[in-house]
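Descriptive analysis of the structure
One letter stands for each residue in the lines below.
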Amino acid sequence: MRGNIMKMSETTTQLILGLRSKGWSDTEINDFILYIETGDEKYKPKDTKGLRIV
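1. A look at the overall build of the protein
On a plain count of helices and strands, the protein comes out with two helices and zero strands. Taken across its 54 residues, the protein has 13% of its residues classed as buried. A fraction of 22% describes how many contacts in the protein between residues 6 or more apart in sequence connect residues 24 or more apart. Carbon and sulfur atoms make up 53% of the accessible area of the protein, which totals about 4,400 Å².

2. Re the pattern of salt bridges
Scanning the model with the defined rule gives one salt bridge in all. As a salt-bridge pair, R20 and D26 come within 3.1 Å of each other at their nearest N and O atoms.

3. Here's the deal with the nonpolar core
Residues L19, W24, I29, F32 and Y35 constitute the largest nonpolar core, which totals five residues. The element that contributes the greatest number of residues to this core is helix α2 (residues 26-38), accounting for three residues. Those residues in contact with W24 that lie beyond four places of it in its chain are L19, I29, F32, P45, D47, T48, K49 and L51.

What counts as what
- Residues numbered from 1 in each chain as written.
- Predicted model: local features only at pLDDT ≥ 70, side-chain atom pairs only at ≥ 80, totals over all residues.
- Heavy atoms only, no water.
- Helix = DSSP H or I, 4+ residues; strand = E, 2+ residues; numbered from the N terminus.
- Buried < 20%, exposed > 50% of the residue type's maximum accessible area, 1.4 Å probe, protein only.
- Contact = heavy atoms within 4.5 Å.
- Areas by Shrake-Rupley, 256 points an atom, 1.4 Å probe, with all protein chains shown as cover.
- Salt bridge = Lys/Arg side-chain N within 4 Å of Asp/Glu carboxyl O.
- Core = buried A, V, L, I, M, F, W, Y, C linked by side-chain atoms within 4.5 Å.

Below you can see the structure in the form of structure tokens.
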């Protein structure tokens with residue numbers, strides 16, 4: 001990481017590891033990433049396992 005700038009791959013890796021540590025399955029993580037990228041409600045997490053998704 002250079003200064004305070006994080007590469008997208010580092011950000012994605014940290015997101016995946018964080019969600020796994022909260023008990024999310026790989027399918028739930030993939031769907032959440034699709035929701036972030038597309039905004040399609042069909043991918044919005046139903047059970048956020050304590051995380052606040054707005």
